[in-house]
Amino acid sequence: MPGLIADRYRPFSEDILFSDLAVVPCPCLLFGCTLTQSKLRQPYDTQHENLEEAITISLEKQEVGAYRRSNREASSELSKDAAELHRLRKHAQDAEQLFRELADARNNPWKSLKHKQMSRLLYWLATQNNFFSERRRKRFLNSARKRDPKRSLLHVSTVSIPSTEAVGKMRAGRKKQKFNSTVLVASHEAKRAGAPILALNLIKELSKRHNVVTVVLGPGELAREFAAESVEILWLDRTSIDPKKIKKDVADLCKKYDVTTGFVNSVESRSVIPGLKSAGVVSVALLHEFAAYTRPMSAFREVFSNADQVVFSTNITLDNALEQAGWGSERPVHVHVIPQGKCETRPVNGPLDNTEIAWLDHILRPSGHQDDTFVVIGAGKVETRKGIDLFIEVANRVISGPGGGRFRFIWLGHGYDPVKDIEISAYLADQIERSGIQGQMKIVPSSTEIEHAYRLADLMLLSSRLDPLPNVAIDMFVAGKPVLCFARTTGIAALLEDAGLQDACVANFIDTTQMAEKIRRLAEDPALLSEVIDKSKQLARTTFDFASYANRLEKLAISGGKKNGQIKQDAKRVLASGAFRSDFHRLPGKRKSPEKEEINNYLTRNKSSTHMRKPAPGFNQLIYAEENGWGQRKDPFVAFIDDGQPSGRWKADVIDERSPIDDDMLDKQRVALHIHAFFPDELENILLRFGENRTRPTLFVSAPKGQLSEVGDILKSYDGPLSALRSVPNRGRDIGPFLVEFGHEMTKDFDIVGHLHTKKSQEIQDRKTIDNWVEFLMQNSLGGADGGAMLDRIITAMAKSPDLGIVYPDDPNLLGWSKNREMACQIAARMGIENLPHNVNYPMGTMFWARSTLIDRFLALKLDWSDFPAEPVEYDGTALHAFERLFGVAPTCFGFSTAVTNVRGLTR
C-alpha cells in the first residue's frame, strides 16, 4: 500500500478545499480519530454530475498503485469523504471564528469577565429541574456554552492559531534555552506560503547559534512547526489587536529573554518593529513584497523610518518601494539587497511519500522513463499575480507551433476550482478549452513532494506579473533546471542577466510570443539547453545558500548597531572633522541651530531616508556608499572622513565666492551662452547679473514666437554680443532649443558653452520655494549680491583645468534617477555609455557651464524636435528629465572631471 499523505488534510488551510481522489483507508492521527484518507485533488461538488468526474480521477490514480476499486465502491468512499471534508471545513471555520473571538477577548477583558459570569449563571439555571422545563433548560445550556470563555476547549481540538490547550501541548515540545544569546523572528502568518516558510527556515538556522523566540501574527498550518522550533512563541492577530498591545507584548517578550536582535519577516509584520525599538533591540526588516500591491501605501515608509536595517531580496522590489515612497532611486544607507537562500519545504531527512511521487510521475511523465516529452512547469497559488493566463497563452503558442506535439505544460498550485471560482478559475478553464490544448496543458494541485516535480520537468516558466524572488524558482535552480521569466516582473530576471542567461531565459515584458520562441529553442537545441543548465547550476551554487543568507543578516545586525548610540558616535566624529557645512545642509527658512544639532539632523535623516540632504557641497554620500560598500557601521560621510576624504566619483571640486579670478585667462576663452526665455519677465533678472562679472558671453536666445518681440526689447540692455534670437516650437522645454536649434553653432565656434533658462516650475505651487530655488541657481551660475562674480570664477577654473567638463550649482537635496533611469539607459546606449551607476549627482534644474567637446557627445545623437515630448510634459519620467541627469553622468564616462559651485549662506 502506498504511503499516506496526511498533508492533504492540512488543518485550517485554504488548501483543504481543493483535492483529488485517491481513496486509501487509514487512521488520521492529526485529528485524533479514525477516518478514510482521501486525496481530494480536483475541485468537486457533491452533486451527482461531479461524482463521475471525481471517480474517474480516482481510478486514474489507482493505475499507479496496486489497488483498483469499482465505480460503486469509489462512489461510496467519495460520499464518506465528502461528509468528512464538510466536517473538516466546518471545523476550520469554527477555529478561525474562535481565533478572532479569543483575540477580541484579550482586547476586552471586562467583556470576557461579563461572559464568564453570565455563563456560570446559565449553567446553574440549566440544572434547576424543579423550576424549568427540559426544553428551557436545554436552551439555558446552549446559551451558557456560547458564552463560556472555555468553549474552544469543548468544541475544537486544533486551531490555526492554537487554542489554549494546543499551545500547552506545543510548549512541551519547544527547545530549551542552550545559548547565551537570544534573537527574535517575526512572521506575519503561519500559512504554508513563501514568506512564512522563509521565516521558519530562518528560525531553524538561527537556532544553531541562538535561542530563538518567535512572534506569529496570523493563522496557518505551520503553527506547530513554528512552536517546535522556538523556545517561546507569542501568538498575536495583527488584524484585530491594537498596535499598542502588540508593541507592549513584543517589548515584554524581548525583556523577558534579553533579546539582542529582531528579524522581522515581511512588510506585513511591521507592527512588531515598535516593540523592538521600545525594548532597545536592533531590528532587521526582511522585505519581499512589491510596494505596488501593498496597502496601506505608507507601509514601506514606516519600515524605512523605524527599522535599523532593511533587507530586500531583489533590486526590483527595492526600486519599486523607493518609487512608491516618493524617494525616486535614492537608496538609503541602511537598506540592502540580499537574495534569500533555498528554503526547505519538508522535514529534513523525512520519509518520502511514494504515493505523491507516483502521482507526479503519472501527471508529468505518464510513459515513465521512456517519455521524451518536453515538460514545462509553473507553480504557485492560482491568482492573477502569478500570470497563469500568460502561462496558458505561452503553452498555446508553443503547442500550436511546429513540433508542438512533444510539449506538456503543467501548473502546480492550489486554488483551481472552475466549478465554484468564477473570478479566476472558470476563465482559466475556458481559456484552456478554447485553445484546444486540454491534452497538453493541465492545472493540478501542488504536492508535498514538489521537489520530485522539479526533477521530472525540463524547465520552469515563471509567468508572474509581479513576483519578487519566489521560492519555487530558487528550488528549480537548485535542482539544476532552467527558469524562464519576463523582464521587469521579478528579481529572477536580474539574476539571469548577471549569470549571462538573459538571451536564453528572459523575454520582453509580458511578450508571450518571444517567450514561446525561447522555450521552443531550448527544446530543439540540446547544446544550448546543456549550456543553460550548467549556468543555472552555477547560479544556484553562488547565490542560493540559506546558511550564508542567515549569516549575512546576523552581520548586518551587528554592523548596523542601535541607531541612537551609533548616531552619537558619528556626530562626535563629524563635529571634530570640521567638514560639515551647516549653512548648506540646513533647510531654507529654518532657524539657525547649533552645528551639533544640525549634524544630528543629517545623521538621522540619512539613516531613515526621510528627506536626505548632503552634508557638504561637493560630496554625495549615497555615491560613496555605493562605491565603497553598503552596510558599514559608520555613516558614509563619517567613513569618508575617516578614510582621509579620498577622491572619486562621489567628490567634486567646489568653486565658491572665494575662488580666484584670472583676467588673462578670461580674455583667452571663447564663451557662449544659450538662454531659453519662455518667461520674458524673468530674463531681465539674468541679464542684471552680468554686471557682477567681466565675462560677456555671446548670447543665443530662444523664445516662443508670440514673445519674440518682448524678449528682443529686453535684450537691448545687454552690453555683450548677441548672436541669435529665434522662435522655437513649444517642445522640449529648454533642452530641445539648446541641443536641436543652437547646439552645433555654439560648439563649433566656442570653447565653453552655458545653458540657462527662465524658471518658474509651475508644477510646484509654493511660490516662495520657487523664488528661493531661482535665486540659488542664479547666484551659483552667474553671481549676485552674495556670490559676486561667480561666472568669472567658473570660466577661470575651466581655463585652468582642460579636463574640467562641466560646472553646475550643487543642490543640497539628494535626488537621483527617480523614474528616469530606463529612458536614460536607452539614450546612454546610443552615446556609447554601457553601464549607468545607481546613484548620480547632476545639475538639478538643468543650468550649467560645459566644455564644447562634452556637448558634442550629446549632439552626436542627431536629435530633432520629435525626440522630445509635447506639452503638457509629465512632472517626471520623460526624455527631458533623463537628459538632465545624463549631463551629470556623461562627463566621467568620457574622461572629464566635474566641479560644482556653492555660495556660502545660500541653500534651498
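Position labels on residues start from 1 in each chain and follow its written sequence. Only residues with pLDDT of at least 70 get local features here, since the model is predicted, and only at 80 or more are side-chain atom pairs given and counted; chain-wide, interface and lining totals rely on the full set of residues. As a rule here, side-chain values come from all non-hydrogen atoms in the structure, and water together with hydrogens is ignored.

### Observations regarding the overall build of the protein
Next, step 1: Helix and strand definitions follow DSSP, with helices as H or I runs of at least four residues and strands as E runs of at least two, each counted in order from the N terminus. Helix and strand counts for the protein come out as 36 helices and 23 strands.
Next, step 2: Relative accessibility decides the category of a residue: with a 1.4 Å probe and only protein chains considered, values under 20% of the type maximum give buried, values over 50% give exposed, and everything between is partly exposed. Counting only residues that meet the buried cut, the protein has 57% of its 908 residues in that class.
Next, step 3: Within the protein, contacts between residues separated by at least 24 positions form 73% of all contacts whose residues are at least 6 apart in sequence.
Next, step 4: For the area figures, the Shrake-Rupley method with a 1.4 Å probe applies, and any residue is considered shielded solely by the protein chains shown. Here the protein has roughly 39,100 Å² of accessible surface; of this, 49% comes from carbon and sulfur atoms. Working rule for contacts: check all heavy atoms of both residues, and any pair within 4.5 Å makes them a contact.

### Digging into the pairing of strand E4 (residues 211-216)
Next, step 1: Among the six residues that make up E4, six are buried, leaving the element largely enclosed by the rest of the structure.
Next, step 2: The two faces of E4 match: Asn211, Val213 and Val215 on one face and Val212, Thr214 and Val216 on the other face are all buried.
Next, step 3: Summarising the sheet, strand E3 (residues 182-187) and E4 pair through six bridges and their orientation is parallel. Of the residues in E4, the one forming a bridge with Leu184 is Val213.
Next, step 4: This β-α-β element, E3 to helix H7 (residues 194-206) to E4, shows right-handed connectivity.
Next, step 5: Assessed by its sense of winding, the connection that carries the chain from E4 through helix H8 (residues 223-228) to strand E5 (residues 232-235) is right-handed. Paired strands, in this sense, are two strands between which DSSP finds at least two bridges. Handedness of a crossover is defined as follows: with both strands directed away from the viewer, a clockwise route from the first strand across the helix to the second makes it right-handed.

### A closer look at helix H35 (residues 852-859)
Structural remark: α-helix, 3.6 residues per turn; residues separated by three or four positions point the same way.
Next, step 1: All of the buried residues along H35 are Ser852, Leu854, Ile855, Phe858 and Leu859. Buried residues along H35 cover an arc of 155° about the axis, so they all sit on one side.
Next, step 2: Against the buried residues of H35 lie helix H31 (735-749), strand E20 (752-757), strand E21 (804-809), strand E22 (848-851) and helix H36 (879-893). The arc in question is traced by the directions running from the helix axis to the C-beta atoms.

### Topic: the pattern of salt bridges
Next, step 1: We count a salt bridge whenever a side-chain nitrogen from Lys or Arg sits within 4 Å of a carboxyl oxygen from Asp or Glu. Taken as a whole and judged by the stated rule, the model has 39 salt bridges.
Next, step 2: Residue Arg649 pairs with Glu627 through a salt bridge whose shortest N-O separation is 2.9 Å. Placement of Arg649 in the loop between helix H27 (636-642) and strand E16 (653-656) and of Glu627 in helix H26 (residues 621-628) is noted, with a sequence separation of 22 residues between them.
Next, step 3: Arg649 sits in the partly exposed class, given a relative accessible area of 28%.

### Side note on the packing of H31 against H36
Next, step 1: Helix axes use the C-alpha atoms of the stretch in contact, all axes being lines fitted to C-alpha atoms, and the angles between their N-to-C directions lie in the range 0 to 180 degrees. Between H31 and H36, whose axes approach to 10 Å, the crossing angle comes to 75°. With respect to H36, the element H31 is oriented roughly perpendicular. For the pair H31 and H36, contact is made by Ile735, Phe738 and Leu739 and by Leu880, Phe883 and Phe887, respectively. The scheme is simple: roughly parallel for angles under 35 degrees, roughly antiparallel for over 145, roughly perpendicular for 65 to 115, oblique for anything else.

### Things to note about the side chain of Asn620
Next, step 1: Tracing the backbone shows Asn620 in the loop between helix H25 (595-608) and H26.
Next, step 2: Aside from chain neighbours lying at most four places away, what touches Asn620 is Lys614, Trp650, Leu814, Val840 and Asn841.

### Details of the sheet that holds strand E19 (residues 722-727)
Next, step 1: Taking strand neighbours across the sheet as the criterion, the eight strands line up as E16-E23-E21-E22-E20-E17-E18-E19 in an open arrangement whose pairing is mixed. Lying at the two open borders of the sheet, with one neighbouring strand each, are E16 and E19. Looking at each pair of strands side by side, their axes are set apart by 20° on average, direction ignored.
Next, step 2: Of the pairings in the sheet, the one linking strand E18 (residues 698-703) to E19 comprises five bridges and is parallel in character. Across the sheet, residue Leu699 finds its bridge partner in E19, namely Leu722.
Next, step 3: Contacts from H35 reach E20, E21 and E22 within the one sheet, and its direction differs from that of E22 by about 90°.

### Focus on the confidence of the model for the protein
Next, step 1: The predictor attaches a confidence to each residue, called pLDDT, with possible values from 0 through 100. In the predicted model, the protein carries a mean pLDDT of 84, and the fraction of residues at 70 or more is 81%.
Next, step 2: Overall, residues 1-90 carries pLDDT values under 50, and its contacts beyond four positions in sequence, including any with other chains, amount to 168 contacts.
Next, step 3: Counting interchain partners and residues more than four positions distant, the pLDDT-below-50 stretch residues 152-161 has 30 contacts.

### Brief notes about the nonpolar core
Next, step 1: Core analysis: the largest hydrophobic core is formed by 82 residues, its most contacted members being Leu739, Phe883 and Phe887.
Next, step 2: Broken down by element, this core gets its largest block of residues, seven residues, from H36.
Next, step 3: Discounting residues that sit within four places of it in the chain, Phe883 has contacts with Ile735, Leu739, Ile827, Phe858, Leu861, Leu863 and Phe868.
Next, step 4: Only buried residues count toward a nonpolar core. Its members are Ala, Val, Leu, Ile, Met, Phe, Trp, Tyr and Cys residues joined through side-chain atoms within 4.5 Å. Among the nonpolar cores identified, the runner-up in size contains 71 residues, and Val375, Tyr416, Val472 and Ala516 belong to it.

### Looking at the sheet that holds E5
Next, step 1: The sheet built from seven strands is open, its strands ordered E5-E4-E3-E6-E7-E8-E9 with parallel pairing. Where the open sheet ends on each side, the last strands, each with one partner, are E5 and strand E9 (335-337). Shown here is a sheet whose adjacent strand axes are inclined to one another by a mean of 20°, direction ignored.
Next, step 2: Sheet analysis places strand E6 (residues 259-265) next to strand E7 (residues 282-287), joined by five bridges and oriented parallel.

### Structural notes on the packing of aromatic side chains
The way to describe two aromatic rings as a pair is by their centre distance and the angle between their planes.
Next, step 1: Each pair of aromatic rings taken from Phe, Tyr and Trp, with Trp reduced to its six-membered ring, is defined by centres within 6.5 Å and is described as stacked if the planes are under 30 degrees apart, edge-to-face if over 60, and tilted in the remaining cases. All told, the structure shown has 25 aromatic pairs when counted by the stated rule.
Next, step 2: Of the aromatic side chains, those joined through ring pairs into one cluster are Phe580, Tyr602, Phe619, Tyr624, Phe637, Phe640 and Trp650.
Next, step 3: Directly above the ring of Phe894 sits Arg857, whose terminal nitrogen or CZ lies 4.2 Å from the centroid.
Next, step 4: Its guanidinium or amino end placed over the ring of Trp773, Arg908 lies 3.9 Å from that ring's centre, counting from NZ or CZ. In this analysis the charged atom, NZ for Lys or CZ for Arg, is taken to sit over a ring once it is within 6 Å of the ring centre and within 35 degrees of the ring normal.

### Some words on unusual backbone geometry
Next, step 1: A cis geometry characterises the amide bond from Arg295 onward to Pro296, with omega recorded as 0°.
Next, step 2: Of the consecutive residues Glu871 and Pro872, the connecting peptide bond is found in the cis state with omega at 0°.
Next, step 3: Here Pro872 shows up in the loop between H35 and H36.
Next, step 4: One non-glycine residue, Asp258, lies in positive phi territory at about 55°.
Next, step 5: In this structure, Asp258 sits in the loop between helix H9 (243-257) and E6.
Next, step 6: In the Ramachandran plot, Gln645 falls in the positive-phi region, its phi being about 55° despite a non-glycine side chain.
Next, step 7: Structurally, the position occupied by Gln645 is in the loop between H27 and E16.
Next, step 8: Looking at Gln645, the relative accessible area reads 32%, which means it is partly exposed.

### Quick word on H9
Next, step 1: Between its first and last C-alpha, H9 extends 21 Å over 15 residues, near the 21 Å set by a 1.5 Å rise per residue.
Next, step 2: Every buried residue belonging to H9 is among Ile246, Asp249, Val250, Ala251, Leu253, Cys254 and Tyr257, and all of these are buried.
Next, step 3: Looking at the buried side of H9, the elements it contacts are E3, E4, E5, E6 and helix H10 (273-278).
Next, step 4: The definition of a polar contact used here is a pair of N or O atoms within 3.5 Å, where within protein one atom must be able to donate a hydrogen and the other to accept one, and adjacent residues in sequence count solely through side-chain atom pairs. Two or three places before Lys244, at the opening of H9, Asp242 has a side-chain oxygen 2.9 Å from that residue's backbone nitrogen.
Next, step 5: Immediately beyond the C-terminal end of H9, within one or two residues, lies Asp258, with a positive phi of roughly 55°. Expected helix span is computed as 1.5 Å times (number of residues minus one).

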